[in-house]
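# Fold and geometry: a report
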There are 2 protein chains.
Amino acid sequence: MNKIYVVGIGPGAYEKMTIEAAEALKGSDTIIGYTVYVDLVKEHFPGKTFLTTPMKKEVDRCIMAFEEAQKGHVVSMICSGDTGVYGMAGLMYEVGVKYPEVELEIIAGVTAASGGAAVLGAPLIHDFCLISLSDLLTPWEKIESRLLHAAEADFVICLYNPSSKKRSDYLMKACDLMLRHKDPDTVCGTVANIGREGEEMQLMTLKELRDTKVDMFTTVFIGNSQTKNVDGHMVTPRGYRNV
Amino acid sequence: MNKIYVVGIGPGAYEKMTIEAAEALKGSDTIIGYTVYVDLVKEHFPGKTFLTTPMKKEVDRCIMAFEEAQKGHVVSMICSGDTGVYGMAGLMYEVGVKYPEVELEIIAGVTAASGGAAVLGAPLIHDFCLISLSDLLTPWEKIESRLLHAAEADFVICLYNPSSKKRSDYLMKACDLMLRHKDPDTVCGTVANIGREGEEMQLMTLKELRDTKVDMFTTVFIGNSQTKNVDGHMVTPRGYRNV
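Structure report, in brief. Note that the structure is a prediction, hence the values are computed from the model and not measured. (Residues numbered from 1 in each chain as written. Chains lettered and ligands numbered in written order. Predicted model: local features only at pLDDT ≥ 70, side-chain atom pairs only at ≥ 80, totals over all residues. Heavy atoms only, no water.)

In this section: the packing of aromatic side chains. If you walk through the whole model with that rule in mind, you get 10 aromatic pairs over all chains. Centroid distance Tyr34(A) to Tyr37(A): 5.2 Å. Interplanar angle 80 degrees. Geometry classified as edge-to-face. Between Phe66(A) and Tyr99(A), the aromatic rings sit 4.7 Å apart at their centres with planes inclined by 10 degrees, giving stacked as the arrangement. Highlighted residues: Phe66(A) in helix H3 (residues 58-70) and Tyr99(A) in the loop between helix H4 (89-96) and strand S5 (102-107), separated in sequence by 33 residues. In this pair, the class of Phe66(A) matches that of Tyr99(A), namely buried. If you follow Lys173(A) out to its NZ or CZ, it ends over the ring of Trp140(A), 4.6 Å from the centre. Sitting over the ring of Phe155(A), Arg146(B) keeps its end group 5.5 Å from the ring centre. (Phe/Tyr/Trp six-rings, centres within 6.5 Å; stacked < 30°, edge-to-face > 60°. Helix = DSSP H or I, 4+ residues; strand = E, 2+ residues; numbered from the N terminus. Buried < 20%, exposed > 50% of the residue type's maximum accessible area, 1.4 Å probe, protein only. Lys NZ or Arg CZ within 6 Å of the ring centre and 35° of its normal.)

Of all hydrophobic cores here, the largest spans 54 residues; its most connected members are Ile4(A), Met77(A), Met92(A), Ile4(B), Met77(B) and Met92(B). Sequence-distant contacts of Ile4(B), defined by excluding residues within four places in its chain, comprise Ala65(B), Phe66(B), Ala69(B), Val75(B), Met77(B), Met92(B), Val102(B), Glu103(B), Leu104(B) and Glu105(B). Residues Trp140(A), Phe155(A), Leu209(A) and Met204(B) belong to the second largest nonpolar core, which totals 52 residues. (Core = buried A, V, L, I, M, F, W, Y, C linked by side-chain atoms within 4.5 Å. Contact = heavy atoms within 4.5 Å.)

Strand order in the open sheet made by the 10 strands is S10(A)-S9(A)-S11(A)-S8(A)-S7(A)-S7(B)-S8(B)-S11(B)-S9(B)-S10(B), with mixed pairing throughout. The open sheet is flanked by strand S10 (200-205) of chain A together with strand S10 (200-205) of chain B, the only strands paired with a single partner. Taking the axes of each pair of neighbouring strands and ignoring which way they run, one obtains an average angle of 15 degrees across the sheet. As paired elements, strand S8 (residues 156-160) of chain A and strand S11 (residues 218-222) of chain A share 3 bridges and run antiparallel to each other. Paired with Leu159(A) across the bridge in S11(A) is Val220(A). Along the sheet, helix H5 (residues 112-120) of chain A makes contact with strand S7 (128-132), S8, strand S9 (187-192), S10 and S11 of chain A, crossing S11(A) at roughly 70 degrees. (Pairing = 2+ DSSP bridges. Axes fitted to C-alpha atoms, helices over the stretch in contact; angles between N-to-C directions.)

In structure tokens form, the structure reads like this:
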């Protein structure tokens, strides 16, 4: 049976990949991905065929993977972070309906929420939500409703895609929504370039976050009502009857 | 400086650990954890000192780690999944305030949400919430509010600690709450023993999940309004203007 591994390579650095992910890439003939991610892994897997497609060409990338697999090649389709979290795993199943002879194996990785949390301290110790601020495929009203409900239920919130050139004020809009239910002094953190060159973290309050500019390589963390700044680390306790 | 690595070992199988996690364990003198997790890694790290404490003795386990580090040993404190998601990272920072000479390094791992998603297909491709049904440290009213808000905002929901001997009806209670806002035919999935012997997945509807018994080694996934069953896999599309 023809096989495609759909592999999350983790935040970026080779060592942040799982052993299983590295073995899948080693066992593949062809590694396919968005150019930036292929460049992250290339040097560690010599002798492989690397194929890339630009951003927003995800369906083409999936078709490319299935066609390579049909030629009898073992293929890995790679994503940064976890392929199952805002990644390619879903689209691979959807496109794969037309290629029933190709088997998919999903290999999970460390998503930016986990990778960024490790840099900040321990912000995600209790219930949390992941919300993408990208309205490319989701209506803004839906994103707005999720931000409001998540804030009202006192979740820790982790924001993916907090900004882009076209959406430079989205983080501010999101903070204004969360401020309807969260205290302005809620402990927040940002991590840019998680696990890559130029990794940088910052702690701040929610009202400071509102006026902070971040880029698309930044993941944003908004604490719950119990989240604390412990010696410069963002830490959420396990619950309400804690140490 | 004395050092403790706080390491998420992933869902269970050695290969599901990151390369960085394996290197931290190799570089440690002493590996500390809950008995079950220590047993999962023991054979791969010969020659180490292994120390364990039983469940619910988490504070003692942290103190043990800091005291070992103060003796000059390089210590790894291990958790299953990601140490930053319902794991020990937060408590280590809190207890660590008393041990300022010990440096912590958090090493993220693949949490059960990501590991289980890979088994089911791709349920977490869009915005999702993690909610623990354990009310050991969190009042049930808070959990209830989070379930209701998450369901109303059409999040995919992943439930940790869905059951225990004392809480055998909690999953049913949680489903009844989510059914106030989610369709009874919402696609759901369960994965038991992720990445370990006896791994088992099941797809079902939310109304079937309501009457399903799960154990404490099971992670539960409730889809959003767009989640589909694609040839036996639980798949959430990337958005609303999809393929």
